[in-house]
Amino acid sequence: MYIIKVKGVAKIPDYVQLRDDKFTLLAYFRVDRPEKSLDKIGLADKYDYIMGVVNELPFGKILKLEL
């Protein structure tokens, strides 16, 4: 799984994309509201780990997550 943090502009907030190994979009959520999206794809139990990675990840970088 891959994670990408996208910087918002003006009134558009920052977003996070979670993609599978084929780079298919699994989840797209605001940095400040990830709970519902993570729960929907079955990763609610990994919330603390994923958000820790998101908070450290620079905007525009792609990181491979090992869950």
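See above for the structure.
Rules and cut-offs
Residues numbered from 1 in each chain as written. Predicted model: local features only at pLDDT ≥ 70, side-chain atom pairs only at ≥ 80, totals over all residues. Heavy atoms only, no water. Pairing = 2+ DSSP bridges. Helix = DSSP H or I, 4+ residues; strand = E, 2+ residues; numbered from the N terminus. Axes fitted to C-alpha atoms, helices over the stretch in contact; angles between N-to-C directions.

This paragraph deals with the sheet that holds strand 4 (residues 62–64). The strand order 3-2-1-4 describes an open sheet built from four strands, whose pairing is antiparallel. Each edge of the open sheet carries a strand with a single partner, namely strand 3 (25–30) and strand 4. Ignoring which end each strand starts from, the neighbouring axes of this sheet average 20° apart. Summarising the sheet, strand 1 (residues 2–6) and strand 2 (residues 15–19) pair through five bridges and their orientation is antiparallel.

A few words on unusual backbone geometry. With a phi angle near 50°, Ala10 is a residue other than glycine that sits in the positive phi range. Mapped onto the elements of the fold, Ala10 is located in the loop between strand 1 and strand 2. The phi torsion at Phe23 lies on the positive side, around 70°, for a residue other than glycine. Take Phe23: it is sitting in the loop between strand 2 and strand 3.

None of the figures reported here should be taken as evidence of function without further support.
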